[in-house]
Amino acid sequence: MPAVTVQDPLTLPRIAEPDPAVSAERPVVSLTTAPSGFEGEGFPVRRAFAGVDLAALDPFVHMDQMGEVEYGPGEARGTAWHPHRGFETATYIIDGVFQHRDSTGGGGLITNGDTQWMTAGAGILHIERPPDELVATGGLFHGIQLWVNLPSNEKWVPPRYQDLAGDHATLLTSPDGGAVVRVIAGEVAGHQGPGITHTPIAFVHATVSPGARLSLPWRPDFNALVYVLAGQGTVGPDAHPFGMGQLAVMGPGDFIGLAAGKSQETRSPNLDVLVLGGRPIGEPVAWYGPFVMNTKDELRQAFEDYQSGRLGQVPADDVQR
């Protein structure tokens, strides 16, 4: 971990240190630990947002850390065909391979730093599963699936699929080269990531070397969440300790400060975090299963539309699989 990196971070554009005279560091509002569970046909996940109020997450709804797991032959699992409406999904594969297909014809293999963005919008069917080769041989698998809400006036946009290769991410570093920052979507420190989203967000994967610190400029009108993928360190002006599987919800301010502990485990030699933020939508959320709408009536309509086949059809060549 991770697949996308550089030999010498000092060759990357550097993020300027914030001026403390005019910039405020975001404080930690809450710190939670993700419980473990299973998704789809039985692959292990950590429910990253469990126990956090939706208002603090807005515009995000749900996030699973999938793995990190070393599958044996025949053990790899995915999901069956299922519907979505009313939001966007981002599947970011850090290690391993996942295969995506949907009812609009979108899809492909996602592997080692790739990201797949799917706008469910008015409705879509899709499936995510390991390819047959990974099922046969086993291997390492680790990824993230994030759900990004859509405002009411965009919940009915046509479905869309984006396949972003890992080497398309924008790479930055801290002034001393102690951190590698991958901007996957949105704009950070004047640098734009490749992902295109209906809801304005920023999505960053940062790797911080032992003992190093990262000060990450963050739009004041965005919320801010920091989730630890691996390693341990501190976050915020009061240096709250946090580690793998923990989520820090940050308060208002101009930048996010975090530091990696000087000592890390051998299997996780650095502090790896996801930093997420977006412009809050501020609308009612009616969420049940695979649908994220504004009202219960819209949820009922979504289930009726799915049952009547109005959210799409499973491709004929996949029905018997």
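Scoring rules and cut-offs
Residues numbered from 1 in each chain as written. Predicted model: local features only at pLDDT ≥ 70, side-chain atom pairs only at ≥ 80, totals over all residues. Heavy atoms only, no water. Helix = DSSP H or I, 4+ residues; strand = E, 2+ residues; numbered from the N terminus. Buried < 20%, exposed > 50% of the residue type's maximum accessible area, 1.4 Å probe, protein only. Contact = heavy atoms within 4.5 Å. Pairing = 2+ DSSP bridges. Polar contact = N/O pair within 3.5 Å; in protein donor to acceptor, adjacent residues only side chain to side chain. Axes fitted to C-alpha atoms, helices over the stretch in contact; angles between N-to-C directions. Salt bridge = Lys/Arg side-chain N within 4 Å of Asp/Glu carboxyl O. Phe/Tyr/Trp six-rings, centres within 6.5 Å; stacked < 30°, edge-to-face > 60°.

With that settled, consider the environment of Thr-197. Tracing the backbone through its elements, the reader meets Thr-197 in the loop between strand 16 (191–192) and strand 17 (201–208). Since its relative accessible area comes to 19%, Thr-197 is described here as buried. Along the chain, Thr-197 and Leu-164 lie 33 residues apart, while their C-alpha atoms are 13 Å from each other. Discounting residues that sit within four places of it in the chain, Thr-197 has contacts with Glu-88, Trp-117 and Arg-160.

Residues of strand 13 (residues 170–173) alternate between two faces, with Thr-170 and Leu-172 on one and Leu-171 and Thr-173 on the opposite face, all of them buried. Across 4 bridges, strand 13 lies against strand 14 (residues 179–185) in antiparallel orientation. Bridge pairing in strand 14 links Leu-172 to Val-181. From the end of strand 13 to the start of strand 14, which pair antiparallel, there are 5 residues, and Gly-177 there has a positive phi angle of about 75 degrees.

With that settled, the discussion passes to the side chain of Ser-215. Inspection of the secondary structure puts Ser-215 in strand 18 (residues 213–217). Only 3.5 Å separates the side chain of Ser-215 from the side chain of Glu-17, close enough to count as a polar contact. Filtering out sequence-adjacent residues up to four positions away, Ser-215 remains in contact with Ile-15, Glu-17, Pro-18, Phe-255 and Ile-256.

What follows covers the sheet that holds strand 8 (residues 107–111). Strand order in this open sheet of 4 strands is 5-10-7-8, and the pairing throughout is antiparallel. Whereas interior strands pair on both sides, the edge strands pair on one side only; in this sheet they are strand 5 (82–84) and strand 8. Neighbour-to-neighbour, the strand axes of the sheet open up by a mean angle of 30 degrees, direction not taken into account. Relative to strand 10 (residues 124–129), strand 5 runs antiparallel, the two sharing 3 bridges. Bridge pairing links Pro-83 to Leu-125 in strand 10.

Let's shift gears to the side chain of Arg-26. Summarising the element assignment, Arg-26 is placed in the segment before strand 1 (28–33). Among the polar contacts listed, one links the side chain of Arg-26 to the backbone oxygen of Phe-222, at a separation of 2.8 Å. Among the polar contacts made by the side chain of Arg-26, one reaches the main-chain carbonyl oxygen of Gly-253 at a distance of 3.3 Å.

Let us now look at the pattern of salt bridges. As enumerated under the stated definition, the model contains 9 salt bridges in all. Between Arg-219 and Asp-221 there is a salt bridge, with the nearest N and O atoms lying 2.7 Å from each other. Owing to a relative accessible area of 36%, Asp-221 belongs among the partly exposed residues under this scheme. Here Asp-221 and Arg-279 are joined by a salt bridge, their closest N and O atoms 3.8 Å apart. Remark: Arg-279 occurs in the loop between strand 24 (271–278) and strand 25 (286–288) and Asp-221 occurs in the loop between strand 18 and strand 19 (224–230); sequence separation between them is 58 residues. Judged by its relative accessible area of 40%, Arg-279 is partly exposed. One salt-bridge network, held together by shared partners, links Arg-85, Asp-305 and Arg-310.

Let us now look at the packing of aromatic side chains. Applying the stated criterion across every chain, the model contains 8 aromatic pairs. Judged by centre distance (6.0 Å) and plane angle (85 degrees), the ring pair of Tyr-92 and Phe-203 falls under edge-to-face. Separated by 111 residues along the polypeptide, Tyr-92 in strand 6 (residues 87–95) and Phe-203 in strand 17 bring together distant segments of the chain. On the basis of relative accessibility, which here comes to 3%, the residue Tyr-92 falls in the buried class. With a relative accessible area of 0%, Phe-203 lands in the buried category. The interplanar angle of 75 degrees and the centroid separation of 6.0 Å between the aromatic rings of Trp-117 and Phe-203 together place this pair among those described as edge-to-face. Residue Trp-117 is located in strand 9 (residues 115–119), and its partner Phe-203 is located in strand 17; the two are separated by 86 residues in the primary sequence. The exposure classification of Trp-117 matches that of Phe-203, with both residues buried.

This part takes up the sheet that holds strand 11 (residues 139–149). The antiparallel open sheet is built from 7 strands, whose spatial order is 2-3-4-11-6-9-12. Edge positions in the sheet fall to strand 2 (36–39) and strand 12 (160–164), since each of these pairs with one other strand and no more. The sheet shows a mean angle of 25 degrees between the axes of neighbouring strands, taken without regard to direction. When strand 4 (residues 60–71) meets strand 11, the two strands line up antiparallel, connected through 10 bridges. Bridge pairing in strand 11 places Phe-60 opposite Val-148.

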